[in-house]
Amino acid sequence: MDRVKPFCISKREVWEAYKRVKTNGGAAGVDGQSIEGFDEDLRNNLYRIWNRMASGSYFPPPVRRVDIPKGDGRQRPLGIPTVSDRIAQMVVKRYLEPILEPIFHENSYGYRTGRSAHHALSVARQRCWQRDWVLDLDIKGFFDNIDHELLMRAVRRHTDCRWVLLYIERWLKAPVSMPDGTLVSRESGTPQGAVISPLLANLFLHYAFDHWMKRNNPDIPFERYADDVICHCRSEEQALLLREALEARLAACKLELHPKKTKIVYCKDSNRRGSYPVQSFDFLGFMFRPRRSMNRNGKLFVSFAPAVSDKAAKAMRETVRRWKLHHRNDLALVDIAKWTRPVLLGWVRYYGYFHRSALQSALRTLDEFIVRWAQRKYKRLRGRTMGAWDWLRRVKARQPSLFAHWMTESAVGQ
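Residues numbered from 1 in each chain as written. Predicted model: local features only at pLDDT ≥ 70, side-chain atom pairs only at ≥ 80, totals over all residues. Heavy atoms only, no water.

Attention shifts here to the overall build of the protein chain. Of the regular secondary structure elements, the protein chain holds 15 helices and eleven strands. In terms of overall dimensions, the protein chain has a C-alpha envelope of 75 × 60 × 40 Å along the principal axes. Expressed as a percentage of its 414 residues, the buried residues of the protein chain come to 48%. Carbon and sulfur atoms form 50% of the exposed surface of the protein chain, whose accessible area is close to 21,300 Å². Across the protein chain, the mean location of the 72 positive side-chain charges is 7 Å away from that of the 44 negative side-chain charges. (Helix = DSSP H or I, 4+ residues; strand = E, 2+ residues; numbered from the N terminus. Buried < 20%, exposed > 50% of the residue type's maximum accessible area, 1.4 Å probe, protein only. Areas by Shrake-Rupley, 256 points an atom, 1.4 Å probe, with all protein chains shown as cover. Lys, Arg positive; Asp, Glu negative; His and termini not counted. Charge placed at Lys NZ, Arg CZ, Asp CG, Glu CD.)

In this section: empty space enclosed by the protein. All chains considered together, the criterion is met by one cavity of 30 Å³ or more. Looking at the largest cavity, its volume works out to about 70 Å³. Along the walls of the largest cavity sit 13 residues, with Gln89, Trp171, Arg186, Pro191 and Ala194 positioned nearest its centre. Counting only elements with at least two residues in the lining of the largest cavity, the list comes to α4 (83-100) and α8 (162-173). Looking at the lining of the largest cavity, its residues break down into eight nonpolar, three polar and two charged. (1 Å grid on protein atoms, 1.4 Å probe; cavity = no way out; pocket = protein on both sides within 12 Å on 5 of 7 lines; lining within 4 Å. Points joined across faces, edges and corners; volume = space filled by probe spheres on them. Nonpolar A, V, L, I, M, F, W, Y, C, P; charged D, E, K, R; others polar.)

Across nine bridges, the pairing between strand β10 (residues 286-294) and strand β11 (residues 300-308) is antiparallel. Bridge pairing in β11 places methionine 294 opposite leucine 300. Connecting the antiparallel pair β10 and β11 is a turn made up of five residues, with glycine 298 showing a positive phi of about 85 degrees. (Pairing = 2+ DSSP bridges.)

Taken together, the three strands give an open sheet; going across it, the order is β9-β10-β11, and neighbouring strands pair in antiparallel fashion. For this open sheet the edge positions go to β9 (281-283) and β11, each flanked by a neighbour on one side alone. Here the strands of the sheet are splayed against their neighbours by 50 degrees on average, with no regard to which way each runs. Sheet strands touched by helix α5 (residues 117-130): β9, β10 and β11. Its angle to β10, the strand with the most contacts, is close to 60 degrees. This element, helix α11 (residues 310-323), spans β9, β10 and β11 of the sheet and lies at about 55 degrees to β11. (Axes fitted to C-alpha atoms, helices over the stretch in contact; angles between N-to-C directions. Contact = heavy atoms within 4.5 Å.)

The next subject is the nonpolar core. Ranked by size, the top nonpolar core spans 69 residues in total, and within it Ile87 and Cys231 carry the most contacts. Ranked by residues supplied to this core, first place goes to helix α9 (residues 197-216) with eleven residues. The contacts of isoleucine 87, once residues within four sequence positions are left out, are Val14, Ala17, Tyr18, Val21, Phe38, Leu46 and Ile49. (Core = buried A, V, L, I, M, F, W, Y, C linked by side-chain atoms within 4.5 Å.)

With that out of the way, let us pick up helix α3 (residues 42-55). In a regular helix each residue adds 1.5 Å, so 14 residues correspond to 20 Å; α3 covers 20 Å between its end C-alpha atoms and thus fits that length. Residues of α3 that are buried make contact with α1 (11-24), α2 (35-39), α4 and α8. At the exit of α3 stands glycine 56, carrying a positive phi of roughly 85 degrees. (Expected span 1.5 Å × (residues − 1).)

So, on to the sheet that holds strand β3 (residues 133-138). Within the open sheet, the four strands sit side by side as β6-β7-β3-β8. Their pairing is antiparallel. The open sheet is flanked by β6 (222-225) and β8 (263-266), the only strands paired with a single partner. In this sheet, adjacent strand axes meet at a mean angle of 15 degrees when their direction is disregarded. The pairing of β3 with β8 spans four bridges and is antiparallel. Bridging across to β8, valine 134 finds its partner in valine 265. Lying on the sheet, α5 is in contact with β3, β6 and β7 (228-233); it crosses β6 at an angle near 160 degrees. In the packing of α9 onto the sheet, the strands contacted are β3, β6 and β7, and the crossing angle to β6 comes to about 175 degrees.

A word on unusual backbone geometry. Unlike most non-glycine residues, alanine 226 shows phi in positive territory, near 55 degrees. Among the structural elements, alanine 226 can be located in the loop between β6 and β7. Positive phi values are uncommon outside glycine, yet lysine 324 reaches one of about 50 degrees. Within the fold, lysine 324 resides in the loop between α11 and α12 (333-351).

With 14 residues, helix α15 (residues 385-398) extends 20 Å from end C-alpha to end C-alpha; this agrees with the ideal 20 Å at 1.5 Å per step. Within α15, the full set of buried residues consists of Gly387, Ala388, Trp389, Trp391, Leu392, Val395 and Lys396. For α15, the elements touching its buried residues are α12 and α14 (364-377).

Relative orientation of the contacting elements α9 and helix α10 (residues 236-252) amounts to 140 degrees, with a least axis distance of 11 Å. Looking at the two axes, α9 sits oblique to α10. Here α9 and α10 pass one another in a crossing that is right-handed. On α10, the residues touching Tyr207, Ala208, Phe209, Trp212 and Met213 of α9 are Leu242, Ala245, Leu246, Arg249 and Leu250. (Parallel < 35°, antiparallel > 145°, perpendicular 65-115°, else oblique. Left-handed = near helix turned anticlockwise from the far one by under 90°.)

So, on to the packing of aromatic side chains. All chains considered together, the criterion is met by 27 aromatic pairs. Measuring from centroid to centroid gives 5.4 Å for phenylalanine 286 and tyrosine 350, while their planes differ by 55 degrees, and the two rings are tilted. With phenylalanine 286 in strand β10 and tyrosine 350 in helix α12, this pair connects stretches of sequence that are 64 residues apart. The exposure class of phenylalanine 286 is buried, given its relative accessible area of 0%. A residue is classified by how much of its surface remains accessible, and tyrosine 350, at 23% relative accessible area, is partly exposed. Aromatic ring contacts, followed pair by pair, group Phe286, Tyr350, Tyr351, Tyr353 and Phe354 into a single cluster. (Phe/Tyr/Trp six-rings, centres within 6.5 Å; stacked < 30°, edge-to-face > 60°.)

See below:
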């Protein structure tokens, strides 16, 4: 029989946290243990997590650092906790999230149940039609620069649960294991990739930005998805004043606006006169800019609207090139379609939400590789580029749903 533990954490909570982590998947941490490896001794592994958390003796292992390429050629650092640590973090998240969710701002969309990037994008599109100017904010190194003292002050405003506070502080201080094996201590920030980080980041920006905007600029609507923020202003002057005020506000929260990436944008369309140097911005993988559109009466006009961004399109094309489909003569076309389908479906469902024609242009690279594959696969098509494209058109006519992106070709820009 288990002795009475100082912290009231039930075994059921650990089990529920495990099920969430298993569903989410993820890579192994510093111990090299996968979820499948964790499952091999599931009962004892879960008991060990519960026993340590309930007794106050749980100490998180270092977070494994992984660098993910960004669209601009730089690297985005991710912190990968161990499977056990992800489960422990999920226990705390499940306790804290229902407390924090009701206080979050209606214009905060990131990592919240029932809200998505598409919701934020749809609202941003509507507001760009309503207001002429946008302040596109870029917070420099946000996740790496969150001040621990200010964050814990925010957490304590909403809970006095001892074990929640204890373990959050320990996670914030957990060292990072670099790719070369060295351990680096952390004095600020919360690693991207950790289960608890999105909730803590939302709480920090709730007070640093959302609540401040509601109190000081209630007439300026915004959309925030984690640290991506778009503010809608009625004039260039209002945008300039807001940028100046936000520089001071974020500095007080020990954050900084990126001086080059933060910009003021004119939302040019058919009804807006004047010419200004910046007339586009990127938000959540979409580029907002003036685009030719068609109204209900079939007449063309210029709308300020989103479509897949140049950066996202470039990343998709690079992924397709890495597949090297034209070298897979060992596969039938249906096998290639099955292999690529999960990735293509993800792209179509996300980036096809607005102006699908722009996505079709980005994915033409895939058709080019299919044509090259066919020329290597079938002797009759070798050296006959036009003939290979005719072959592809016939395949599309017979099997329009074979590749996920083919199904969108008849769609016109929304």
